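Notes for the structure review
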Amino acid sequence: QVQLVESGGGLVQAGGSLRLSCAVSGIIFSGNTMGWYRQAPGKQRELVATITSDFGTYYSDSVKGRFTVSRDNAKRAVSLQMNSLKPEDTAVYYCTVQLRTRTYWGQGTQVTVSS
């Protein structure tokens with residue numbers, strides 16, 4: 001079974017930092033694209049960042065320059081370093097893995113940024 005387990009969410013003040021991690025099992029981790037999505041109440045789901053098997057990255061305009069996505073193939077984990085956090089970043093963050101035939105999702109972790 002493919003499993004994604006997220007950790008690192010919590011409450012942080014505006015301007016602070018938080019690091020999310022996602023542990024992956026059930027796949028050959030190094031060969032797949034990983035992604036981070038987020039969804040706030042009453043808002044549509046948003047793609048935040050992706051990192052490919054060859055370590056290419058993508059960031060949404062709303063987080064570019066503040067967030068950094070990385071992967072550690074030995075640890076089978078993907079991380080999202082979030083700096084200069086804003087209240088608008090408040091959302092449930094989801095880790096995903098893109099296989100050839102489907103995408104798997106983690107359970108989500110809550111990030112709340114206070115002002």
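Read on for an overview of the structure. (Residues numbered from 1 in each chain as written. Predicted model: local features only at pLDDT ≥ 70, side-chain atom pairs only at ≥ 80, totals over all residues. Heavy atoms only, no water.)

The next thing to look at is the pairing of strand β8 (residues 77–82). A large share of β8 lies buried, amounting to 6 of its 6 residues. Alternating residues of β8 divide into A77, S79 and Q81 and V78, L80 and M82, and every residue in both groups is buried. Where strand β3 (residues 18–25) meets β8, 6 bridges bridge the pair, whose relative direction is antiparallel. Following the sheet pairing, S21 is matched in β8 by S79. Between strand β7 (residues 67–72) and β8, which follow one another and run antiparallel, lie 4 residues, and R76 among them has a positive phi close to 55°. (Buried < 20%, exposed > 50% of the residue type's maximum accessible area, 1.4 Å probe, protein only. Helix = DSSP H or I, 4+ residues; strand = E, 2+ residues; numbered from the N terminus. Pairing = 2+ DSSP bridges.)

Let us now look at the environment of S114. Note that S114 resides in strand β11 (residues 109–114). Sequence-wise, S114 and Y93 are 21 residues apart; in three dimensions their C-alpha atoms are separated by 16 Å. The residues touching S114, leaving out its near neighbours within four places in the chain, are L11, V12, Q13 and A14. (Contact = heavy atoms within 4.5 Å.)

The sheet built from 4 strands is open, its strands ordered β1-β3-β8-β7 with antiparallel pairing. The open sheet is flanked by β1 (3–7) and β7, the only strands paired with a single partner. In this sheet, adjacent strand axes meet at a mean angle of 15° when their direction is disregarded. (Axes fitted to C-alpha atoms, helices over the stretch in contact; angles between N-to-C directions.)

As a further point, take the pattern of salt bridges. For the coordinates displayed, the defined rule picks out 4 salt bridges. Across the salt bridge formed by R38 and E46, the nearest N and O atoms sit 2.9 Å from each other. The class for R38 is buried, based on a relative accessible area of 6%. Judged by relative accessible area, which is 25%, E46 ranks as partly exposed. Overlapping salt bridges, with partners in common, bring together R38, E46, R66 and D89 in one network. (Salt bridge = Lys/Arg side-chain N within 4 Å of Asp/Glu carboxyl O.)

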